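Read off the chains here:
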Amino acid sequence: MTRYQKLAAATVVATFLLVTVGVIVRATDSGLGCPDWPFCYGQIVPPIDDYKAWLEWIHRAIAAVIGLLILGLAALALIDHRDRRSLVIGSLAAVVLVAFQAWLGRETVRLGNSGESVTAHLAAAMALEGLLVFLYVRAAFPARLPPRGSSQRFTLLAAFGAVAVYALLLFGSNVTARDTDLVYPDWPLMGGSVFPPLTDVATPEILHRWVSIVVGLIVAAVWVAAWRTQRSNRVIIVLATTAAVLFPIQALIGGLQVLTQLAAWTQTLHVALGSIIWGAMAGLVTVSYYAARTAVPADLAPGGAGTGGATGTGGPDEPRDIVRDGRTIRDSVTAYVALTKPRIIELLLITTVPAMVLASREVPGMDLTTWGWLVFWTLICGTMAAGSANAINQYLDRDIDMLMNRTRRRPLPANQVDPERALVFGFILGVISLALMAWFVNLVAAFLTLLAIAFYIVVYTIMLKRTTPQNIVIGGAAGALPPLIGWAAVTGGVALPAILLFGIVFYWTPPHFWALSLRIRRDYEAARVPMLPVVRGIRETTRQIGLYTVLLVAISLVFFAVARMGLIYLAAAVILGAIFLYRAWRLWQVGTSEEQSTAGAIRLYKFSISYLTLLFAAVAVDSLVLIRVA
């Protein structure tokens, strides 16, 4: 172990200790034990008989020590590892982050331990811990990595688990910040119910418990995937098992917090275990990524196909999918933008803004400027999140994209972007989108955004797309989440009208996508993707399109009654629905004629885009009219 690794390990331990002591400070109400900063009652050492002052002083002292350790880490990176950009840049980023953390500490004291400042302080501490874990693990791997490694599918699943755990920590801190920890005195039920009514006071605690269940399932899925696919890597198994075993224990401690009326030891242990779980997940992602990068893929191994045993270190035997020099900056920017699939993103955003307009009826008196900025940040973050999911999707599907005429000109099959860089680009874009969504919008919208990304990549792309003709039905839930995100951005929660908007997009997706797949079914057949037209034929696909269209129109009419919409929306839903039903019926009547079904499918596909756009525009216009009348 190098001296850099030893110092990184010591800094990780010190950061964990800092978080633990910070929770003790908060649990004992010692956050203002020293009312000034950086001194304590104007002195370097606090009064000897004031234990709250001493707890706060110890917390600050550990933070100062961590600052010095990180400065040493940056110095060692520059001295010993100047040729390793990841360590140098990461260490310098840690210096910036610890300085920001210190500033947040000062602001927390100045603002009297306000809930928002404490949550931000914890978020920065967890980000610092994750960065330090990354630096420690990265230092253990070779400086020069092969340009092409093995599959990163498990890394992606682990990354979503890690981000989910981080989000859960912030949800918990938000509950404490709003002082709603004991809004329900029972556990695991909430007021004797699993689904209590969502109110302004109760929503943070309700969502925290529900999100805990979802995140627990994700962590368990990561462990199962590790056991099934990574059993040869002992470190990965240990980290995944640590997170999976500690998570239910932490949940039980969370329950004891409620049952003991927030006893200090339960609060401390709850967050301490959360910090360990987060560190384990961050380490799992980093180990998995670099283990895959240093592994020799099957087609590059001795005796394998392709390069006849090249190790992927560059030169004349460089793998064919590695991007070579000669591309301009403009070419690279264009390729990275294409990775995000901008045309698909436009369709997703169309369903977000009308949901926000409708939701604004639930928040009377919202300032127009505030609402405008909320829409701006929701759309920016939604665009980045969708781009992230699309980029990672292209990384995972690059093998079948090469086999399909429609997709072979995408950046990865066309060798315009290195696959590993596409993956990193997608992941960083997703992390930035979630951070901005949590900061400028709210945690609920951020978590729903995370679910949308994870569902599209893990459930649809990895689990379903190549295994079942129902892939687009189940996977379509990812594309149906934007209305829920838009509603949550405005209200901070989810309500029945938002769920019905989700249902409209969910049932719109199969007719829309199956119409497209009828047109390009030969592509899917060549790539061996079991889309419905390939597996069940033209006749069954057109029948299913008709059935789902009936369900779509029915839900659009139910939404009129439940959401108390006006005549503008009703007219749009009836007219557009009637046209959709007619076109679906006409497509069904063509039978098995390939030429006629293709022509009808193209017409239906194009109209389905107009249908969704105009229907959600009607939602927005109708809502604005009703708000003005009210």
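Refer to the preceding data block for the structure.
Bear in mind the structure is a predicted one, so any value in this text is a computation, not a measurement. (Residues numbered from 1 in each chain as written. Predicted model: local features only at pLDDT ≥ 70, side-chain atom pairs only at ≥ 80, totals over all residues. Heavy atoms only, no water.)

Caption draft 1: Structural detail: the overall build of the protein chain. Of regular secondary structure, the protein chain possesses 22 helices and zero strands. Relative to the compact-globule value of 25 Å for 630 residues, the protein chain shows a C-alpha radius of gyration of 27 Å, a close match. Projected onto its principal axes, the C-alpha positions of the protein chain cover 90 × 70 × 45 Å. Across the 630 residues that make up the protein chain, the buried fraction comes to 53%. Considering only contacts within the protein chain whose residues lie at least 6 apart along the sequence, 75% involve residues at least 24 apart. Within the structure as shown, the protein chain displays about 28300 Å² of accessible surface, and the carbon and sulfur contribution to it stands at 66%. Considering the protein chain, the positive charge centre built from 48 side chains and the negative charge centre built from 35 side chains are found 10 Å apart. (Helix = DSSP H or I, 4+ residues; strand = E, 2+ residues; numbered from the N terminus. Rg over C-alpha atoms; globule rule 2.2 N^0.38 Å. Buried < 20%, exposed > 50% of the residue type's maximum accessible area, 1.4 Å probe, protein only. Contact = heavy atoms within 4.5 Å. Areas by Shrake-Rupley, 256 points an atom, 1.4 Å probe, with all protein chains shown as cover. Lys, Arg positive; Asp, Glu negative; His and termini not counted. Charge placed at Lys NZ, Arg CZ, Asp CG, Glu CD.)

Caption draft 2: Here's a closer look at the packing of aromatic side chains. One pass over the full model with this rule turns up 23 aromatic pairs. The interplanar angle of 90° and the centroid separation of 5.6 Å between the aromatic rings of phenylalanine 171 and phenylalanine 447 together place this pair among those described as edge-to-face. Here phenylalanine 447 lies in helix α15 (residues 443-464) and phenylalanine 171 lies in helix α5 (residues 153-177), a separation of 276 residues in the sequence. Comparing phenylalanine 171 with phenylalanine 447 shows no difference in burial state: the two are buried. A ring pair is formed by tyrosine 289 and tyrosine 290, whose centres lie 5.0 Å apart and whose planes are at 85°; its orientation type is edge-to-face. On the accessibility criterion, tyrosine 289 (15% relative accessible area) is buried. (Phe/Tyr/Trp six-rings, centres within 6.5 Å; stacked < 30°, edge-to-face > 60°.)

Caption draft 3: View of the side chain of glutamate 205. Along the polypeptide, glutamate 205 turns up in helix α6 (residues 203-229). For glutamate 205, a relative accessible area of 5% gives the class buried.

Caption draft 4: Broad picture of the pattern of salt bridges. Going through the model one piece at a time under the given rule, you end up with 10 salt bridges. A salt bridge links aspartate 397 to lysine 465, with the shortest nitrogen-to-oxygen separation between them at 2.7 Å. With aspartate 397 in the loop between α12 (368-396) and α13 (398-401) and lysine 465 in the loop between α15 and α16 (471-475), this pair connects stretches of sequence that are 68 residues apart. An identical accessibility class is assigned to aspartate 397 and lysine 465; each is buried. The closest approach of N and O atoms between arginine 536 and glutamate 540, which form a salt bridge, is 4.0 Å. Highlighted residues: arginine 536 and glutamate 540, both in helix α20 (residues 532-562), separated by four residues, approximately one helical turn. Salt bridges sharing partners connect three or more residues here, namely Asp397, Asp399, Lys465 and Arg466. (Salt bridge = Lys/Arg side-chain N within 4 Å of Asp/Glu carboxyl O.)

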